[in-house]
Amino acid sequence: MDFRSSEQPGSEQVAGTAVRGPRSEDALPETATTAVKVVIVGGFGVGKTTFVGSVSEIRPLTTEETMTQAGVGVDDTSGVDGKTSTTVAMDFGRISINQELVLYLFGTPGQERFWFLWRGLFEGALGAVVLVDTRRLEVSFDVLGRLEERGVPFVVAVNSFPDAPAYPVEELRTALDLPAGVPIVPCDARDRASSRDILMTLMRYLQTLVTTQEAS
């Protein structure tokens, strides 16, 4: 996803001179009182960069690089043969859920060789969205296992691909070995409204967990 232009990102023109600083449209709303960190995870090529880019209200920061021979024999590209770029550090975006609540979104790289970055990206995260591709469910197994090991609450978003098979929710739950309470919802990562709905599902799920803990 290329956002290059004739001006430097994050700069404004003053008297014909580029001045570094945040763009006015990127400033936090004055009413914002709470900021929450959410991580967008999933296997290689499931749509994490697309998700962050579609829903972010600011120009997203991406670290996509062209795939090279270095990944041959290392990265599993089966099922995504047409993919030409990959995230090598993280994607970053922001969305205001309402006037008070702001979510900071951190998309993780999907390849196993970049998983050492996860520790820092998950530090302080309130929850996660796991994107899955039903054509390649197996690439999600290790991701889900790592989240469960870290005790990070998550929802599963089944991303829409033209040739992806559709399965009933309970079949997916069994295939992914998920507890009954974890939400599994359809998603089109290209669509802002769909991606926002996934984040709202995560927020509601987190609220349910808090309410359950307080009642016990």
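As shown above, the structure is provided for reference.
Remember, predicted model here, so these are calculated numbers, not experimental data.

### Regarding the overall build of the protein chain
Part 1 of the reasoning: Counting its regular elements, the protein chain contains five helices and ten strands.
Part 2 of the reasoning: When each of the 216 residues of the protein chain is scored for burial, the buried share is 44%.
Part 3 of the reasoning: Summarising the internal contacts of the protein chain: among those between residues at least 6 apart in sequence, 71% fall at separations of at least 24.
Part 4 of the reasoning: As presented, the protein chain carries roughly 11,500 Å² of accessible surface, and 53% of it is formed by carbon and sulfur atoms.

### Here's the deal with unusual backbone geometry
Only a minority of non-glycine residues have a phi that is not negative, and only a minority of peptide bonds are not trans.
Part 1 of the reasoning: A positive phi angle is found at D177, which is not glycine, with a value near 55 degrees.
Part 2 of the reasoning: Inspection of the secondary structure puts D177 in the loop between α4 (169-176) and β10 (184-187).
Part 3 of the reasoning: The exposure class of D177 is exposed, given its relative accessible area of 63%.

### Quick look at the nonpolar core
Part 1 of the reasoning: Core analysis: the largest hydrophobic core is formed by 46 residues, its most contacted members being V38, F51, L103, V130, F154, V156 and L199.
Part 2 of the reasoning: With sequence-adjacent residues up to four places away left out, V130 is seen in contact with V41, V143, L144, L147, F154, V155, V156 and A157.

### Thoughts on the pattern of salt bridges
Two side chains carrying opposite charge are able to pair once their charged atoms lie near each other.
Part 1 of the reasoning: Using the criterion set out here, one finds six salt bridges in the structure.
Part 2 of the reasoning: Between D133 and R136 there is a salt bridge, with its nearest N and O atoms 3.4 Å apart. Considered together, D133 and R136 belong to a single accessibility category, that of buried residues.
Part 3 of the reasoning: Sharing partners across several salt bridges, the network here consists of D133, R135, R136 and D163.

### Details of helix α1 (residues 48-55)
Part 1 of the reasoning: Burial of α1 is extensive: six of the eight residues sit out of reach of the surface.
Part 2 of the reasoning: For α1, the complete set of buried residues consists of K48, T49, F51, V52, S54 and V55.

### Observations concerning the packing of aromatic side chains
Part 1 of the reasoning: Per the stated rule, a full pass over the model turns up two aromatic pairs.
Part 2 of the reasoning: Geometrically, the ring pair formed by F92 and Y104 is stacked, given 5.9 Å between the ring centres and 15 degrees between the ring planes. In this pair, F92 sits in strand β6 (residues 91-96) while Y104 sits in strand β7 (residues 101-107), placing the two residues twelve residues apart along the sequence.
Part 3 of the reasoning: Residue Y104 is classed as partly exposed on the basis of its relative accessible area, which comes to 24%.
Part 4 of the reasoning: A network of ring pairs unites the aromatic residues F92, Y104 and F106 as a single cluster.
Part 5 of the reasoning: The aromatic ring of F106 is capped on one face by K37, whose charged end is 4.8 Å from the ring centroid.
Part 6 of the reasoning: Geometry around F161 places R135 over its ring, the cationic atom sitting 4.4 Å from the centre.

### Some words on the environment of M200
Part 1 of the reasoning: Summarising the element assignment, M200 is placed in helix α5 (residues 192-215).
Part 2 of the reasoning: The spacing of M200 and I97 is 103 residues in sequence and 7.8 Å in space, taken between C-alpha atoms.

### Brief notes about the environment of A175
Part 1 of the reasoning: Note that A175 resides in helix α4.
Part 2 of the reasoning: Sequence separation between A175 and L137 is 38 residues; the distance between their C-alpha atoms is 8.1 Å.
Part 3 of the reasoning: Setting aside residues no more than four positions away along its own chain, A175 makes contact with L137 and F141.

Thresholds, definitions, all that
- Residues numbered from 1 in each chain as written.
- Predicted model: local features only at pLDDT ≥ 70, side-chain atom pairs only at ≥ 80, totals over all residues.
- Heavy atoms only, no water.
- Helix = DSSP H or I, 4+ residues; strand = E, 2+ residues; numbered from the N terminus.
- Buried < 20%, exposed > 50% of the residue type's maximum accessible area, 1.4 Å probe, protein only.
- Contact = heavy atoms within 4.5 Å.
- Areas by Shrake-Rupley, 256 points an atom, 1.4 Å probe, with all protein chains shown as cover.
- Core = buried A, V, L, I, M, F, W, Y, C linked by side-chain atoms within 4.5 Å.
- Salt bridge = Lys/Arg side-chain N within 4 Å of Asp/Glu carboxyl O.
- Phe/Tyr/Trp six-rings, centres within 6.5 Å; stacked < 30°, edge-to-face > 60°.
- Lys NZ or Arg CZ within 6 Å of the ring centre and 35° of its normal.

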